[in-house]
Amino acid sequence: MKIAVVILNWNGVKLLEQFLPSVILLSPEANIYVADNASTDDSIAFIRAHFPSVKIIQNKTNLGFAQGYNEALKNVNAEFYALVNSDVEVTENWLKPILKTFENEPKTAIIQPKILDFKNKEYFEYAGASGGFIDKYGYPFCRGRLFDTLEKDNGQYDDNCEIFWASGACFFIRSTAFKELRGFDTDFFAHQEEIDLCWRAFNKGHVIKYNSESVVYHVGGATLQKGNSKKTELNFRNSLLMLAKNLPENRLLAVIFVRLVLDGIAAVQFLFQGKVKHTWAILKAHLSFYGLFYRHFKKRGEFQSEKYYKTKSIVYLYFINKIKVFSAIFVATK
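Predicted model, so just to flag it, every value in this text is computed and none were measured. (Residues numbered from 1 in each chain as written. Predicted model: local features only at pLDDT ≥ 70, side-chain atom pairs only at ≥ 80, totals over all residues. Heavy atoms only, no water.)

**A word on the environment of Ala4**
Inference 1: Mapped onto the fold, Ala4 is located in strand S1 (residues 3-9).
Inference 2: Its relative accessible area of 2% is what places Ala4 among the buried residues.
Inference 3: Taking the C-alpha atoms as reference, Ala4 lies 45 Å from Gln273; in sequence the two are 269 residues apart. (Helix = DSSP H or I, 4+ residues; strand = E, 2+ residues; numbered from the N terminus. Buried < 20%, exposed > 50% of the residue type's maximum accessible area, 1.4 Å probe, protein only.)

**So, the nonpolar core**
Inference 1: Counting residues in hydrophobic clusters, the biggest one holds 69 residues, and the most contacted among them are Val6, Val76, Ile110, Phe171 and Phe184.
Inference 2: Val6 has contacts with Tyr33, Ala35, Tyr69, Leu73, Val76, Ala82, Leu83 and Val84, leaving out every residue within four places of it along the chain.
Inference 3: Membership of the second largest hydrophobic core comes to 29 residues, among which are Val54, Ala82, Val90 and Trp94. (Core = buried A, V, L, I, M, F, W, Y, C linked by side-chain atoms within 4.5 Å. Contact = heavy atoms within 4.5 Å.)

**Points about the state of the cysteines**
Inference 1: In the structure shown here, the tally under the stated rule is zero disulfides.
Inference 2: Take Cys161: it sits in no disulfide, and the sulfur closest to it among the cysteines is that of Cys142, at 12 Å.
Inference 3: The exposure class assigned to Cys161 is buried, which follows from its relative accessible area of 17%.
Inference 4: Free of any disulfide, Cys170 has its nearest cysteine sulfur in Cys198, 13 Å distant.
Inference 5: Judged by relative accessible area, Cys170 falls into the buried class, the value being 1%. (Disulfide = S-S within 2.5 Å.)

**Quick word on the pattern of salt bridges**
Inference 1: Applying the stated criterion across every chain, the model contains 18 salt bridges.
Inference 2: The shortest N-O distance in the salt bridge between Asp187 and Arg295 comes to 2.7 Å. With Asp187 in the loop between helix H5 (175-180) and helix H6 (193-203) and Arg295 in helix H9 (residues 276-297), this residue pair connects regions lying 108 residues apart in the sequence.
Inference 3: Close ionic contact of Glu233 with Lys284 constitutes a salt bridge, the shortest N to O distance being 3.6 Å. In this pair, Glu233 is assigned in helix H7 (residues 229-246) and Lys284 in helix H9, connecting sequence segments 51 residues apart.
Inference 4: For Lys284, a relative accessible area of 32% gives the class partly exposed. (Salt bridge = Lys/Arg side-chain N within 4 Å of Asp/Glu carboxyl O.)

Written out as structure tokens, the structure is:
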């Protein structure tokens, strides 16, 4: 089969029990794999007992999202990869429009479906909504989600358009592009590695698209909850590392300086909210970034496009101008 659905799992037997049956039932076009990151629960035994058709790849240790997928995909032979979180519910015919796009558009390397909230199915889901973008300072946002504000799905993003990044919750990529880009950056461990991969793909001239005809529902926060300070640390650190790797060199220092200042403001805000662990997480993220800056600067490709961002400052638009929906960004910036 042309496409392989690969689900990364770590101690997620309850999620597999809930969501794996629908993936198998509604994916006749695909081979199904579970890549297990050295789970200590009954995940492997459960799959073998109930779903013998599912192929199992066992990583020896918990390698996180980035390296976990990199290692697992060495064992998958397919033209296209569908990297799907274990807390995703798929829908009927979710693979057909993706396959059609890949086959008709050879320059399209990465695709994201419409991602709705499993817990509130009329709304977009935080992790990807209907396709991702970043601002000048590397802050990610989505069509359908700006910071913590989620839009209701009223069909306003029912199109197939180019985006800047696709969500790792449900991430389709050509295997040739994945290998050309050498996969995810394993230093990231988890969080924002998919944005980094898309940015590197963008700098190499690949096209990243959103396809609304494919719909999935995502629970979100199944591995690290939103309020987890480790998640805060990884998000802040990895976002800075991504800038060091992918920004145009003439903007690099200025943009990173602004980001460090804005991160500092966020840390102070956490402190006043009594969230001391998150303030400390940002400090640790910055210290780690300083130590890793040169290592990631050396990873830079031959070309970095200056047309990477959708708007100058999503922070300013959201918090100062009170812009809460994606469609209003461009009205505010005209």
